[in-house]
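The primary structure of each chain is shown beneath.
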Amino acid sequence: MKIMKMVVEKIETKFDQEKVIEEFEDLTKDGGRIQEETLKKILEQNGGTEYLEQWGLNGRTDPQTFKNCVPIVTHNDLEPYIQRIADGDLSPILTGKPVETISLSSGTTQGKPKFVPFNDELMESTMQIFKTSFAFRNREFPIGNGKALQFIYSSKQFKTKGGLSAGTATTNVYRNAQFKKTMKAMCTPCCSPDEVIFGPDFHQSLYCHLLCGLIFRDEVQVVSSTFAHSIVHAFRTFEQVWEALVVDIREGVLSSRVTVPSIRLAMSKLLKPDPELADTIYKKCSRLSNWYGLIPELFPNTRYIYGIMTGSMEPYLKKLRHYAGELSLLSADYGSSEGWVGVNVNPKLPPELVTYAVLPNIGYFEFIPIGGNLNGMEQANSPVGLTEVKLGEEYEIVFTNFAGLYRYRLGDVVKIKGFHNGTPELQFVCRSNLLLSINIDKNTEKDLQLAVEAAAKSLVDEKLEVVDFTSHVNVSADPGHYVIFWELSGEATDEMLQDCCNCLDRSFIDAGYVSSRKVNAIGALELRIVKRGTFHKILDHFVGLGGAVSQFKTPRCVGPKNSSLLQILSSNVAETYVSSAFC
């Protein structure tokens, strides 16, 4: 019997790649029918809730009645309901079954995290996304039994007033037993012990992630994190601490910079004196030219680098490619704290071109046509269903999930780039509310990124780079104007930075911006250079709010309500330049 049990467990944990792909193909062949079934299931489970009962569905579960009765909402509309759940109200408010866990959004956009319900169904859809993505990825970039160097970190978990566990969405996933089981089945268990992932100090956790990666360097097949920023941040840190890591490996004793007892104990079980490995790493690092190709040098069996690389992560791709050398960058799947949307089934596409096939069974999706009106997105544009979207058009996503969000505006703008069977393939365009706008101008996060890239080209000859950047609309001045904050990797001349400032101003090619600048309805752009380490302070501030490092996104446009971030930026300005581009 014991042998039989072991055989059964082995079968259960073996990952069947072709079966997962086959299931995905079947799901996407009849997206419309699957969507109707998914909505019916959601409404049958939750139709008796306080929220849904007020809209007069009266037990009906068809899409048309749902759209006619239930309004499209934002998080602000649902916040009072979610707060009651967090405060301990056990009545069926948003979901039929009690919510036991709360996810926190990253909080980098609005300056404070949002509460979002998290339940078993969301965990199941997370695992479905992970498995589907891995199946397609592994078909193109097969890996054997090995490990993943994952720069993942838990946030501080706490109890809400009503006793519910609250933490970032990534933390809720990492702490779930299903996550570890799935990663093991996919042959990519994390190099680092749980004590490192769930450590209370992310600086110490990062140091130990790097150390674990080096200890298991020949077994590492994937280097990953939730976001590209975390991978770049990890190897920027490596540049500073690599010699200390070599000493730890040589002597078999963990650096005194790691003080958390649980981390020290866990690392002591892995760390043994290894002068030969120490010599290898020292030689490889000493021979590198400006750290180009660092990742494959350190981890020679790595097949690819994996993480979310779209949207606000695109500016880090240049640095990530520098560290990656010839290794492929594979963009991870499309989701948010509120839930998942789509999966990357074309892993060979470069991150800039990546698309996401919507899984029709993980939620009910609607799409508001944008029609060029990014700033307004009025409800006059009636939403269309998953199978009604048109190729090449842009939409804002509205979705309904199993965790109590109904006709919820996700705030993301996507473009339809193609179809996989009967489901659309989306390309992320921008956040709908992240706009630089003063007058009739409308510049998106992507417009800002392109302007920064254009202006930063003149720094390349001086071997300088923009480490990170953000922006702010200063409407307290008259006329209002754009303020761009840059952190640089070294010192640049005043003449060079003045040229960069002028170039930034000219690179916003939106017609509303250009015409407003010409008549001084929008004032001269300011470029403010901040001290080294400023964006690290922003990261520390975010972690202090309860965020997880692996979930951190530098806000590309800091709004007036995000006063704490504006304070950090303003107090660290070293130099200011004012554009003369339109004088």
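Each value, and the rule that gives it
Residues numbered from 1 in each chain as written. Predicted model: local features only at pLDDT ≥ 70, side-chain atom pairs only at ≥ 80, totals over all residues. Heavy atoms only, no water. Helix = DSSP H or I, 4+ residues; strand = E, 2+ residues; numbered from the N terminus. Buried < 20%, exposed > 50% of the residue type's maximum accessible area, 1.4 Å probe, protein only. Contact = heavy atoms within 4.5 Å. Areas by Shrake-Rupley, 256 points an atom, 1.4 Å probe, with all protein chains shown as cover. 1 Å grid on protein atoms, 1.4 Å probe; cavity = no way out; pocket = protein on both sides within 12 Å on 5 of 7 lines; lining within 4 Å. Points joined across faces, edges and corners; volume = space filled by probe spheres on them. Nonpolar A, V, L, I, M, F, W, Y, C, P; charged D, E, K, R; others polar. Domains from an automatic or database assignment. pLDDT = per-residue confidence, 0-100. Salt bridge = Lys/Arg side-chain N within 4 Å of Asp/Glu carboxyl O. Phe/Tyr/Trp six-rings, centres within 6.5 Å; stacked < 30°, edge-to-face > 60°. Lys NZ or Arg CZ within 6 Å of the ring centre and 35° of its normal. Pairing = 2+ DSSP bridges. Axes fitted to C-alpha atoms, helices over the stretch in contact; angles between N-to-C directions. Polar contact = N/O pair within 3.5 Å; in protein donor to acceptor, adjacent residues only side chain to side chain. Expected span 1.5 Å × (residues − 1). Arc of directions from axis to C-beta.

### Some details on the overall build of the chain
A tally of helices and strands in the chain yields 21 helices and 22 strands. When the 583 residues of the chain are sorted by exposure, 56% land in the buried category. By sequence separation, contacts in the chain at least 24 residues apart represent 72% of the contacts at least 6 residues apart. Carbon and sulfur atoms form 51% of the exposed surface of the chain, whose accessible area is close to 24900 Å².

### Here's the deal with the layout of surface pockets
Taken as a whole, the second largest pocket holds about 1500 Å³ of empty space. Together, 48 residues line the second largest pocket, and R236, K319, E465, V466 and V467 are the ones closest to its centre. For the lining of the second largest pocket, the elements supplying multiple residues, two or more each, are α11 (202-215), α12 (228-251), α16 (317-324), α17 (445-456), β19 (466-474) and α20 (534-544). Among the elements that make up the lining of the second largest pocket, the one with the highest residue count is α12 (eight residues). Across the lining of the second largest pocket, the residue classes break down as 20 nonpolar, twelve polar and 16 charged. Each of domain 1 (120-334) and domain 2 (445-578) gives at least three residues to the lining of the second largest pocket.

### Some words on the confidence of the model for the chain
For the chain, the average pLDDT comes to 86, and 90% of its residues sit at 70 or higher. Mean pLDDT per element in the chain: helix α1 (residues 2-13) is the minimum at 38, and helix α15 (residues 294-298) is the maximum at 96. Note on residues 373-380: pLDDT under 50 across the span, and 17 contacts to partners over four residues away in sequence or across chains.

### Considering the pattern of salt bridges
Close approach of charged atoms allows side chains with opposite charge to pair. All told, the structure shown has 19 salt bridges when counted by the stated rule. Here E50 and R84 are joined by a salt bridge, their closest N and O atoms 2.8 Å apart. Highlighted residues: E50 in helix α4 (residues 50-53) and R84 in helix α6 (residues 75-86), separated in sequence by 34 residues. Among the residues examined, R84 registers a relative accessible area of 30% and is labelled partly exposed. The closest approach of N and O atoms between R236 and E465, which form a salt bridge, is 3.4 Å.

### A word on the packing of aromatic side chains
A complete count under the given rule lists 22 aromatic pairs for this structure. With a centroid separation of 5.9 Å and an interplanar angle of 45°, the aromatic rings of F235 and Y323 are classed as tilted. Taken together, the residues span a long stretch of sequence, with F235 in helix α12 and Y323 in helix α16 at a distance of 88 residues. Each member of the pair, F235 as well as Y323, is classed as buried. Of note, R137 hangs over the ring of Y306, and the distance from its end group to the ring centre comes to 3.8 Å. The ring of F216 carries K147 above its face, with NZ or CZ at 4.9 Å from the centroid.

### Some points on the sheet that holds strand β9 (residues 334-336)
In a beta sheet, neighbouring strands are held together by backbone hydrogen bonds and run either parallel or antiparallel to one another. Read across the open sheet, the eight strands follow the order β9-β10-β11-β16-β15-β14-β12-β13; overall the sheet is antiparallel. If you trace the sheet from one side to the other, it starts and ends with β9 and β13 (384-385), each paired once. Relative to β13, strand β12 (residues 364-369) is paired through two bridges, and the arrangement is antiparallel. If you follow E366 over to β13, its bridge partner there is G385. In this fold helix α3 (residues 31-46) packs onto β12 and β14 (394-400), with an angle of close to 115° to the strand it touches most, β12.

### Focus: the environment of R532
Tracing the sequence through the fold places R532 in the loop between β21 (526-530) and α20. The class for R532 is exposed, based on a relative accessible area of 57%. Residues R532 and E487, spaced 45 residues apart in sequence, show a C-alpha to C-alpha distance of 6.2 Å. The contacts of R532, once residues within four sequence positions are left out, are E487, L488, S489 and G490. Here the side chain of R532 touches L488 through a polar contact of 3.3 Å, landing on its backbone oxygen.

### With respect to the side chain of S224
Residue placement: S224 occurs in strand β6 (residues 220-227). Here S224 falls in the buried class, since its relative accessible area comes to 7%. Contacts of S224, omitting those with residues within four sequence positions, involve L149, Q150, F151, I231 and Y306.

### Examining the environment of I568
Inspection of the secondary structure assignment puts I568 in helix α21 (residues 563-570). For the pair formed by I568 and K537, sequence separation is 31 residues and the distance between their alpha carbons is 7.5 Å. For I568, the contacting residues outside a window of four places in its chain are T534, K537, I538 and H541.

### Quick word on α17
Between its first and last C-alpha atoms α17 spans 16 Å; for twelve residues at 1.5 Å apiece the expected length is 16 Å, and the two agree. Taken as a whole, α17 has its buried residues at E445, L448, Q449, A451, V452, A455 and A456. Angularly, the buried residues of α17 cover 165° about the axis, an arc narrow enough to put them on a single face. Those residues of α17 that are buried are in contact with β16 (423-431), β17 (435-436), β18 (443-444), β19, β20 (481-488) and α18 (494-507).

### Side note on the sheet that holds β21
Ordered by their spatial adjacency, four strands build an open sheet running β19-β20-β21-β22, and the pairing between neighbours is mixed. Looking at which strands have only one partner, the edges of the open sheet turn out to be β19 and β22 (573-578). Across the sheet, the axes of successive neighbouring strands diverge by a mean angle of 20°, strand direction being ignored. Judged from the five bridges that link them, β20 and β21 form a sheet pairing that is parallel. Residue pairing for β21: E487 is matched across the bridge by V530.

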